[in-house]
Amino acid sequence: MLKPRALSDVLSQANTGGIGSTLLLNSEGSLLAFSGFGDKDASAAGAIASNIWTSFQKSGQLSLDDNKLDCVLVECKLGKIAITKVANLLLCLCSEDGVSFGMLKTKITALSSYLEEPLSQIASS
């Protein structure tokens, strides 16, 4: 079984080099785990990230005839975010504006690969 404290510790490992927070969300955008700064805004950020993911996923299915969305990278006024799917959950990294998209993509890919197996086991039980 995955321990909540261990999950938060794993998420916090991504919070370096300009990454301010890491969120784990369900498909509706509800916050399941969080690590970082500004936790009062984490629920709102989670809902927005989920909405962005769903919009891009539907657009890809309709316009590209492809339902294999891997990662969404978004540049916002106050920073950048990366969103990806892990098991049946969403993983989101929020960063400062100075962080490159390459670094965001690398970190979210590494973290999602690490979490895929344990979260898949929980999702299937």
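Residues numbered from 1 in each chain as written. Predicted model: local features only at pLDDT ≥ 70, side-chain atom pairs only at ≥ 80, totals over all residues. Heavy atoms only, no water.

- Looking at an unreviewed UniProt entry, one finds the protein named Ragulator complex protein lamtor2 and attributed to Plakobranchus ocellatus.
- Taken directly from UniProt, the Sequence similarities (unreviewed entry) text for the protein runs: "Belongs to the GAMAD family." (UniProt positions renumbered as here; feature names shortened; annotations may be inferred.)

## A closer look at the pairing of strand 2 (residues 31-36)
For a regular strand, the rule is simple: side chains alternate between the two faces of the sheet.
And then number 1: Both strand 1 (residues 19-25) and strand 2 contribute to a ladder of five bridges, which runs antiparallel. Within strand 2, the position partnered with leucine 25 by the bridge is leucine 31.
And then number 2: Taking the residues that link successive antiparallel strands as the turn, the strand 1-strand 2 hairpin has five residues, and the phi of glycine 29 there is positive, at about 95°. (Pairing = 2+ DSSP bridges. Helix = DSSP H or I, 4+ residues; strand = E, 2+ residues; numbered from the N terminus.)

## Here we look at the side chain of lysine 80
And then number 1: Here lysine 80 shows up in strand 4 (residues 79-86).
And then number 2: Look at lysine 80: it is buried, it has no salt bridge, and the nearest opposite charge is glutamate 75 at 4.7 Å.
And then number 3: Apart from the residues within four sequence positions on either side, lysine 80 is in contact with Val74, Glu75, Leu93, Cys94, Ser95, Glu96, Asp97, Val99, Ser100, Phe101 and Leu104. (Buried < 20%, exposed > 50% of the residue type's maximum accessible area, 1.4 Å probe, protein only. Lys, Arg positive; Asp, Glu negative; His and termini not counted. Salt bridge = Lys/Arg side-chain N within 4 Å of Asp/Glu carboxyl O. Contact = heavy atoms within 4.5 Å.)

## Things to note about the pattern of salt bridges
And then number 1: Taken as a whole, this structure holds one salt bridge when the rule is applied.
And then number 2: Note that lysine 105 and aspartate 70 form a salt bridge whose closest N and O atoms lie 2.8 Å from each other. Taken together, the residues span a long stretch of sequence, with lysine 105 in helix 3 (residues 101-124) and aspartate 70 in the loop between helix 2 (42-63) and strand 3 (71-76) at a distance of 35 residues.
And then number 3: Classification of lysine 105 by relative accessible area gives partly exposed; the value is 30%.
And then number 4: Accessibility expressed as a relative area gives 47% for aspartate 70, which makes it partly exposed.

## Examining the packing of aromatic side chains
And then number 1: Here the structure, examined in full by the defined rule, presents zero aromatic pairs.
And then number 2: It is lysine 80 that lies over the ring of phenylalanine 101; its NZ or CZ is 4.5 Å from the centre. (Phe/Tyr/Trp six-rings, centres within 6.5 Å; stacked < 30°, edge-to-face > 60°. Lys NZ or Arg CZ within 6 Å of the ring centre and 35° of its normal.)

## Notes on the sheet that holds strand 2
And then number 1: The sheet built from five strands is open, its strands ordered 2-1-5-4-3 with antiparallel pairing. This sheet does not close on itself; its edge strands, each paired only once, are strand 2 and strand 3. Strand-to-strand twist in this sheet, taken as the mean axis angle between neighbours without regard to direction, amounts to 15°.
And then number 2: Across six bridges, strand 1 lies against strand 5 (residues 89-95) in antiparallel orientation. Paired with threonine 22 across the bridge in strand 5 is leucine 93.
And then number 3: The strands touched by helix 1 (residues 4-12) are strand 1, strand 2 and strand 5; relative to strand 2, the strand with the most contacts, the crossing angle is about 50°. (Axes fitted to C-alpha atoms, helices over the stretch in contact; angles between N-to-C directions.)

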